[in-house]
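Structural characterization, general
Listed below, chain by chain, are the residues.
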Amino acid sequence: MKKSSQAFVSLLGPSWLHSNVHVRSLCPFRPSLKFSRVVPRRQSRLVSVRCSGSSPASGVPEEVIEEWVRQTPKLASFPSCDVVISSAWHIPGVLADFWGTVLYLRGERNQGREAASVFAVAQCAKLTDETTLWERILSYLYSCADICDDFGVAITMSPIRDERAPCPSVLLQARSNKAQSTEDDDDWDDWGSEDSLLAKYGLSGETSLAEVQMSTETQSDEAVVEKTLQWVQAMIVDFGICPFTSSSAHRAGVPVGDVRYAVSRARDSESLLHEYWSEVSKVINTDERSLSTTLLITPDFAPLSSEMFDFFSS
């Protein structure tokens, strides 16, 4: 069954715990998800498979990309540089792989290691054939730095503008956690204590930060989903707010398909961006009669700030 032109993934933030639900939906991307892999420049073996599926016959071969990196002095000069080849052939899959690579580099940084990765888009024809669209994707990624903890500061992105490049590529670099000082963050002193953190969000000292976190952590994923289901049934279905919903919170779309309720325990923007685009990919890759809509519920993300959640989702 061919997918329709819209893929819907909504975000439900932590404020639903206080009867204030934030819903966002987007993504007019069509193709289905394939797989992506991380290939070390000096080894010919698979390091990690980020998604499942079969690779299309078209696209840039991995060997060509690896050879281009070896022949590029600025890239080959790094003491440790992985070649991350995304073979996702649609934009949401590429973005999921990009943020997965950012998380990998953050893990290296947290281990006290400096690392670099060449992120190459090998299979997405939309990006390899349309330069303007790739530039728009880069602009989007740069804008994400405003909401991220490490990306844009400890982890930097540099587009590779090389006429010999076989496909759209960027260089991601993560400096060692040991090399970063508090001087790198202009607001570091504002986050030095629990009281200052609560004050930053307009909360009194009577509210414990641990108590706010426990309000979501103590609830199981099943309880979170059940509470969301009750809200969707009461607000979206019974009131008929969305014309594409059926008589049940479990079915929606045209044609009608299942609704997936996914719970993310991500606490930072990078992790949530990875999970979000992965969910978009799942919707696109699944027959619409089996999965038409996903609600990604984020009870642990920005629990003290609905403004932060609005900023992230917009």
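See the structure above.
What comes next concerns the included structure. These figures come from a predicted structure and were not determined experimentally.

Side note on the nonpolar core
Membership of the largest hydrophobic core comes to 42 residues, with the highest contact counts inside it found for Phe98, Trp99, Leu127, Phe151 and Leu172. The set of elements that each furnish at least two residues to this core consists of α3 (91-110), β6 (115-121), α5 (131-144), β7 (155-159), β8 (169-174), α9 (269-285) and α10 (306-313). For this core, the leading source of residues is α3, giving eight residues. Counting residues in each nonpolar core, the second largest holds 16 residues, with Ile65, Val69, Leu75 and Val118 among its members.

So, unusual backbone geometry
Phi angles above zero are rare outside glycine, and Ala302 is one such case at about 50°. Along the polypeptide, Ala302 turns up in the loop between β11 (293-297) and α10.

Quick word on the pairing of β8
Burial runs high along β8: five of the six residues are buried. Relative to β8, β6 runs antiparallel, the two being bridged by six bridges. Bridging across to β8, Val118 finds its partner in Leu171. Pairing of β7 with β8, which is carried by five bridges, proceeds in the antiparallel orientation. Of the residues in β8, the one forming a bridge with Thr156 is Gln173.

Quick look at the environment of Phe151
Take Phe151: it is sitting in the loop between α5 and β7. Judged by relative accessible area, which is 2%, Phe151 ranks as buried. Between the C-alpha atom of Phe151 and that of Glu270, which follows or precedes it by 119 residues, the distance is 7.5 Å. Discounting residues that sit within four places of it in the chain, Phe151 has contacts with Phe98, Trp99, Val102, Leu141, Ala145, Met157, Leu172 and Glu270.

Considering the packing of α3 against α5
Remark: α3 packs on α5, axes separated minimally by 13 Å, with the N-to-C direction vectors making an angle of 40°. As summarised for this structure, α3 and α5 are arranged oblique, according to the angle between their axes. For the crossing formed where α3 meets α5, the hand is right-handed. Facing α3, whose interface residues are Ile91, Leu95, Phe98 and Trp99, α5 presents Leu133, Ile137, Tyr140, Leu141 and Cys144. Grouping the constituent residues of the contact of α3 with α5 by class yields nine nonpolar, no polar and no charged.

Overview of α3
Its 20 residues give α3 an end-to-end C-alpha distance of 29 Å, which sits within 8% of 28 Å, the value for a rise of 1.5 Å per residue. Most of α3 sits out of view: 16 of its 20 residues are buried.

Quick look at the pairing of strand β5 (residues 81-86)
A large share of β5 lies buried, amounting to six of its six residues. Residues Cys81, Val83 and Ile85 line one face of β5 and the alternating positions Asp82, Val84 and Ser86 line the opposite face, and both faces are buried. The pairing of β5 with β6 spans six bridges and is parallel. Looking across to β6, one finds that Ser86 is bridged to Val121.

A closer look at the packing of aromatic side chains
Inspection of every chain in the model, using the stated rule, returns eight aromatic pairs. Between the aromatic rings of Phe98 and Trp99, the centroid separation amounts to 5.2 Å while the plane-to-plane angle is 90°, which identifies the pairing as edge-to-face. Residues Phe98 and Trp99 agree in their burial class; the two are buried. Ring centres of Phe98 and Phe151 lie 5.7 Å apart, and the angle between their planes is 90°; this geometry places the pair in the edge-to-face category. Placement of the pair is Phe98 in helix α3 and Phe151 in the loop between α5 and β7, with a sequence separation of 53 residues. For Phe98, a relative accessible area of 1% translates into the label buried.

Conventions and cut-offs
Residue numbers here run from 1 along each chain, matching the order of that chain's written sequence. In keeping with the predicted nature of the model, local features appear solely for residues at pLDDT of at least 70, side-chain atom pairs appear and are counted solely at 80 or more, and the whole-chain, interface and lining totals rest on all residues. Side-chain numbers here rest on the full set of heavy atoms in the structure, without hydrogens or water. Joining through side-chain atoms within 4.5 Å is the link that ties buried Ala, Val, Leu, Ile, Met, Phe, Trp, Tyr and Cys residues into a set, and such a set is a nonpolar core. A simple rule labels every residue: compare its accessible area, found with a 1.4 Å probe on the protein chains alone, to the largest value its type can have, and call it buried under 20%, exposed over 50%, or partly exposed in between. Labels follow the DSSP assignment, with helices taken as runs of H or I lasting at least four residues and strands as runs of E lasting at least two, numbered in each case from the N terminus. Whether two strands pair comes down to DSSP finding at least two bridges between them. Contact criterion: two residues are considered in contact whenever any of their non-hydrogen atoms come within 4.5 Å of each other. In this analysis, axes come from line fits to C-alpha atoms, helices being fitted only over the stretch in contact, and the angle between any two N-to-C directions falls in the range 0 to 180 degrees. In this scheme, roughly parallel covers angles under 35 degrees and roughly antiparallel covers those over 145, while 65 to 115 is roughly perpendicular and the rest are oblique. Two helices cross in a left-handed way if the nearer one is turned anticlockwise from the farther one by less than a right angle. They cross in a right-handed way if the turn is clockwise. Only Asp, Glu, Lys and Arg are considered charged in this grouping, and only Ala, Val, Leu, Ile, Met, Phe, Trp, Tyr, Cys and Pro are considered nonpolar; every other residue, Gly among them, is considered polar. Multiplying 1.5 Å by the helix residue count minus one yields the expected span of that helix. Centre distance within 6.5 Å is the pairing criterion for rings of Phe, Tyr and Trp, where only the six-membered ring of Trp is used; planes under 30 degrees apart are then read as stacked, over 60 as edge-to-face, and the remainder as tilted.

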